[in-house]
Every structure is written in C-alpha cells, then in structure tokens.
Amino acid sequence: MSEKSLRSSFSFLLIIDCDNVNQRTGAVRAQTAVTTPGLSRASADGKKTLRKGTAVVTGASSGLGLATAKALAETGKWHVVMACRDFLKAERAAKSAGMNKESYTVIHLDLASLDSVRQFVHNFRRTEMPLDVLVCNAAVYLPTAKEPTFTAEGFELSVGTNHLGHFLLARLLLEDLNKSDYPSRRLIIVGSITGNTNTLAGNVPPKADLGDLRGLMGGLNGLNSSSMINGGAFDGAKAYKDSKVCNMLTMQEFHRRFHEETGITFTSLYPGCIATTGLFRSHIPLFRILFPPFQKYITKGYVSEEESGKRLAQVVSDPSLTKSGVYWSWNKNSASFENQLSEEASDPEKARKLWEISEKLVGLA
Ligand code: NDP
Ligand code: PMR
C-alpha cells in the first residue's frame, strides 16, 4: 500500500473513530502531543534549522482556504491539516491544486455541529502532530435565504458556523497551540471589510450590527428568540456580516485574555475581495456574473484566489507579521498594513459580552 493510500485510510478512520469522546459532555480525553522540538533538523553545516510547521486550516477545500493551503505547502516548510466537512472534495481539491501528497492531511470537521468540532479536536490530537498555527477560515454566506436554517445545535447557520463553531474550535485548540514549541505560534480568524462600517463596503445595506446581543443571548434559534444576534428579523446577508464582526471581536478578546500569558499571536485580516470563490454560490446568477468585473474595474478591490492565499500564508508564517491583536489588510501594491476596525468591531465591552455568551452557547461555561 502506498504512503498516500495509507494516510487516506488513516484519515478515513479518523472520521469514523468515535472512542474516547464522552458524547454527553463532549469531553475529550487529553492526549500528550509529541513534542517535536522547534529547532530540530541539523543541516550539513551543523546549524539547527526550523522543523516543518503544522497549520490547521478550516475550509481548505475551496477558495481562500485552498489557496492558502497550497501556498503554505509549496514552501516545503509547512504541513497543512485541511479541516473540511467534505472529505472527498478536500482530497480532490488538494490534488487538483497540485499539492504534494506529503504536504497535507485531511481531517473531517463540520463547523455546523459542535459534536463534530469536538470530534475533530480528538482526531487531530490522535495524529500526535503538534499544532503551530490555527487558521479559522471556513464560512457560509446565505444572502438569498428567505428563512433561517440552523446548525445541529439549533443556532442560525451563518453565525453558528462562522462564529460559534470556530469559537469552540479555537478555545479547545488553544491548549494545543500553547504546547507547541514552534517559535511563532499563531491563531488567525479571517474577518472582512463588509463587517466594518467604517468603510464604503461596510455601508452597503444590510449593515452589520450586533445591537445588545439579545438574539445571541436567546440562542439564535428562531423559536423563543430571534435568529439574528441583534434580535431583529432574519436577513442572511446581515447574519454573515454580523458573524464577521464576531470573528474580529473574538480575535481581539483572545489577544486581551491570552497573548501576554502564552505569547501566541492572535490576528485577523481582510484578504481583499476574492470575487470568484464559492462564497457566492447561493447568490443569484446575475450577481455571480457581475460581481467579479465590478470588483476588478470599479472598486478595484478584487484579488485572485492565488493572491489572497499568498496573503493569508504571509499572516501564517511571515516573520515580520508576529504582532498580536492586529487586523491586517493589503494596499494596492500588495503590501500588508495594520488596518483600523470599525467602532463596533473594536468595542472591548461587546467583545467581552460576546465571549461570555458564546462560552455558554457552546457548552464551555
Ligand atoms: P469558499 O466558499 O470558497 O470557502 C469556504 C470554505 O468553508 C469551504 O471550504 C467550505 O466547505 C467551508 N465550509 C462551509 N461550511 C462549513 C462547515 N459547516 N464546516 C466546515 N467547513 C465549512 O469561500 P471563501 O474562500 O471566499 O471564504 C473563505 C473565508 O474568506 C471566509 O471566512 C470569508 O468570510 C472570508 N472572506 C472572503 C472574501 C471574498 O471576497 N470571497 C472577502 C473577505 C473575507 P465546502 O468546500 O465543503 O463547501
Ligand atoms: Mg461590495 C471599495 C468598495 C468595495 C469593496 C472593497 C467591496 C468588497 N465592496 C465595495 C463596494 C460596493 N459593494 C458597492 C458600492 C456596492 C453597491 C453597488 C457593493 C455591493 C455589494 C454586494 C451586493 N458588495 C458585496 C455584495 C455582496 O453580496 C458581497 C457581500 O457583502 O458578501 C458578504 C459583497 C462584497 N463587497 C466586497 C466584498 C469583499 C464582498 C464580499 C465578501 C465578504 O465580505 O466576505
């Protein structure tokens, strides 16, 4: 059996292996991660060189996540764990992107199920790979939905997937990041311009607005509470933008709570408008035709998937991007800069409240 088929079989086993997980509490048996020293390989001249880093990228089966996985894999310095809900799609995507089969492992993760998030953490730990960087990238965008749809636990799907699933994942994996001896450990949560009302793009209605978080507090279930964070009527486009505000607030709250103590770098970013990705798959056909040329020639905010992948890969591994608590963006020459978040997306009180409510919803408090 080739190494690849062995690994594929192993990955498949990981998907179905449910032992050691307490299904009721979701508690995962602690695993001792293999401590591969940060500086390990001795080169010919006797100097120690950096070992391969391991980066977990959620939603690496398409768009930005796939382009980032490819960019990282191509450096030869990273092993990418593609955390994806569709195992075969991810394998095919890696193959068609030309990724070397030694450079990645696919592990199943459905962010719309908290059990799946816990199972992913368990399965990842069983591989005994270290965790050096976690990239929370996956997202859904449902702009044409008339009615809300829900995650396994009954949270509105966009906020449930983009924010709550990632919130639980990041909280659980913080321990693993903290164990890593890699010189620069990072937790990256992808944000967006459209969640920032201090920009033109963020002022296109419906605007992001978390209000006083009353809908979130009620569980976003559309039954005894609204499916929207601010308690309003369902709007799929707004739910997505709200989820991006949550992503950016969460990154900053992680920074405030854990950066000093752990040294981990917490960042977010707006990679540019990648108008061709699967994110717009459920938008009306006319939008999908007009959106790329509109962004290319009118707003000039367009970036290719390849370029966006290089940008996110930079946030993962560039030695000059170690500052924590930053929301990165890129200028017209594709140079990174620290961008300003909107008032709401940088409100520390809202971030704290969001953190506390989210902890309760995902069963951490
Ligand atoms: P894509 O739709 O191409 O990629 C989204 C990824 O998320 C896919 O791999 C998808 O899996 C995965 N995903 C969706 N739901 C789940 C789930 N329940 N569990 C696990 N994975 C899931 O979109 P983009 O690449 O554009 O989006 C990536 C990130 O970039 C998002 O965070 C988005 O908000 C952000 N972004 C995108 C911009 C753009 O212009 N496109 C601009 C700014 C930010 P599958 O392949 O199975 O569908
Ligand atoms: Mg937007 C500089 C102007 C700019 C930029 C960078 C974006 C990015 N957009 C801009 C402007 C405008 N957009 C203007 C003036 C309009 C009105 C015509 C407009 C419209 C628009 C729509 C309908 N834009 C959109 C949509 C979407 O459905 C996309 C969206 O909101 O997804 C949540 C979108 C986007 N515009 C962007 C970016 C990056 C997106 C999508 C991706 C995202 O935020 O994740």
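Since the structure is predicted, the reported quantities are computational estimates derived from the model, not experimental observations.

## What about the environment of F287?
Then, number 1: Tracing the backbone shows F287 in helix α8 (residues 285–299).
Then, number 2: Apart from residues lying up to four places away in sequence, F287 is in contact with F280 and P292.

## Side note on the packing of aromatic side chains
Then, number 1: Counted by the stated rule, this structure contains 12 aromatic pairs.
Then, number 2: With centroids separated by 5.5 Å and ring planes inclined at 55°, the aromatic side chains of W78 and Y182 adopt a geometry described as tilted. Taken as a pair, W78 in strand β4 (residues 78–84) and Y182 in the loop between α5 (157–179) and β7 (186–190) lie far apart in primary sequence, 104 residues in all.
Then, number 3: Residue classification places W78 among the buried positions, given a relative accessible area of 4%.
Then, number 4: Look at Y141 and F280: their rings are 6.1 Å apart centre to centre, the planes differ by 85°, and that puts the pair in the edge-to-face class. Here Y141 is found in the loop between β6 (133–136) and α5, whereas its partner F280 is found in the loop between β8 (265–269) and α8, with 139 residues between them in sequence. Here Y141 matches F280 in class, with each residue buried.
Then, number 5: Cluster of aromatic residues (ring-pair linked, three or more members): Y141, Y240, F280, F287 and F291.
Then, number 6: Against the face of Y302 rests K296, its NZ or CZ located 4.8 Å from the ring centre.

## What to know about the confidence of the model for the protein
Then, number 1: Per-residue confidence for the protein gives a mean pLDDT of 90, with 87% of residues at or over 70.
Then, number 2: Between residues 1–37, whose pLDDT stays under 50, and residues either more than four places distant or in other chains, the model counts 60 contacts.
Then, number 3: Here the predicted complex scores 0.91 on pTM and 0.99 on ipTM.

## Points about the sheet that holds β4
Then, number 1: Pairing is mixed in the open sheet, where eight strands are placed in the order β5-β4-β3-β6-β7-β8-β9-β10. Strands at the two margins of the open sheet, each flanked by one partner only, are β5 (104–108) and β10 (336–338). Adjacent strand axes in the sheet meet at a mean angle of 25°, parallel and antiparallel pairs treated alike.
Then, number 2: As paired elements, strand β3 (residues 53–58) and β4 share six bridges and run parallel to each other. Across the sheet, residue V57 finds its bridge partner in β4, namely M82.
Then, number 3: Lying on the sheet, helix α7 (residues 236–262) is in contact with β7, β8 and β9 (326–330); it crosses β8 at an angle near 160°.
Then, number 4: Against the sheet, helix α9 (residues 305–317) makes contact with β4, β6, β7, β8, β9 and β10, and its axis sits at roughly 150° relative to β7, the strand it touches most.

## Structural notes on α7
Then, number 1: Here α7 contains 27 residues, and its C-alpha end-to-end distance of 37 Å stays within 8% of the 39 Å for a straight helix at 1.5 Å per residue.
Then, number 2: The buried fraction of α7 is high, at 21 of 27 residues.
Then, number 3: Measuring from the backbone nitrogen of A237 back to the side-chain oxygen at the start of α7 gives 3.0 Å, which picks out D235 as the cap.
Then, number 4: Where α7 terminates, the next one or two residues include G263, which has phi positive at roughly 80°.

## Notes on the site of ligand 1
Then, number 1: Taken together, 31 residues form the shell around ligand 1, and within it S61, S62, N137, Y240 and T277 come nearest.
Then, number 2: Within the side chain of S61, a nitrogen or oxygen atom sits 2.6 Å from an oxygen atom of ligand 1.
Then, number 3: Contact between ligand 1 and Y240: an oxygen atom at 2.5 Å from a side-chain N or O atom of the residue.
Then, number 4: Burial of ligand 1 by the protein amounts to 97% of the accessible area it has alone, namely 890 Å².
Then, number 5: Its residues placed into classes, the shell around ligand 1 shows 15 nonpolar, 11 polar and five charged.

Conventions adopted
- Residues numbered from 1 in each chain as written.
- Chains lettered and ligands numbered in written order.
- Predicted model: local features only at pLDDT ≥ 70, side-chain atom pairs only at ≥ 80, totals over all residues.
- Heavy atoms only, no water.
- Helix = DSSP H or I, 4+ residues; strand = E, 2+ residues; numbered from the N terminus.
- Contact = heavy atoms within 4.5 Å.
- Phe/Tyr/Trp six-rings, centres within 6.5 Å; stacked < 30°, edge-to-face > 60°.
- Buried < 20%, exposed > 50% of the residue type's maximum accessible area, 1.4 Å probe, protein only.
- Lys NZ or Arg CZ within 6 Å of the ring centre and 35° of its normal.
- pLDDT = per-residue confidence, 0-100.
- Pairing = 2+ DSSP bridges.
- Axes fitted to C-alpha atoms, helices over the stretch in contact; angles between N-to-C directions.
- Expected span 1.5 Å × (residues − 1).
- Polar contact = N/O pair within 3.5 Å; in protein donor to acceptor, adjacent residues only side chain to side chain.
- Near = heavy atom within 4 Å.
- Areas by Shrake-Rupley, 256 points an atom, 1.4 Å probe, with all protein chains shown as cover.
- Nonpolar A, V, L, I, M, F, W, Y, C, P; charged D, E, K, R; others polar.

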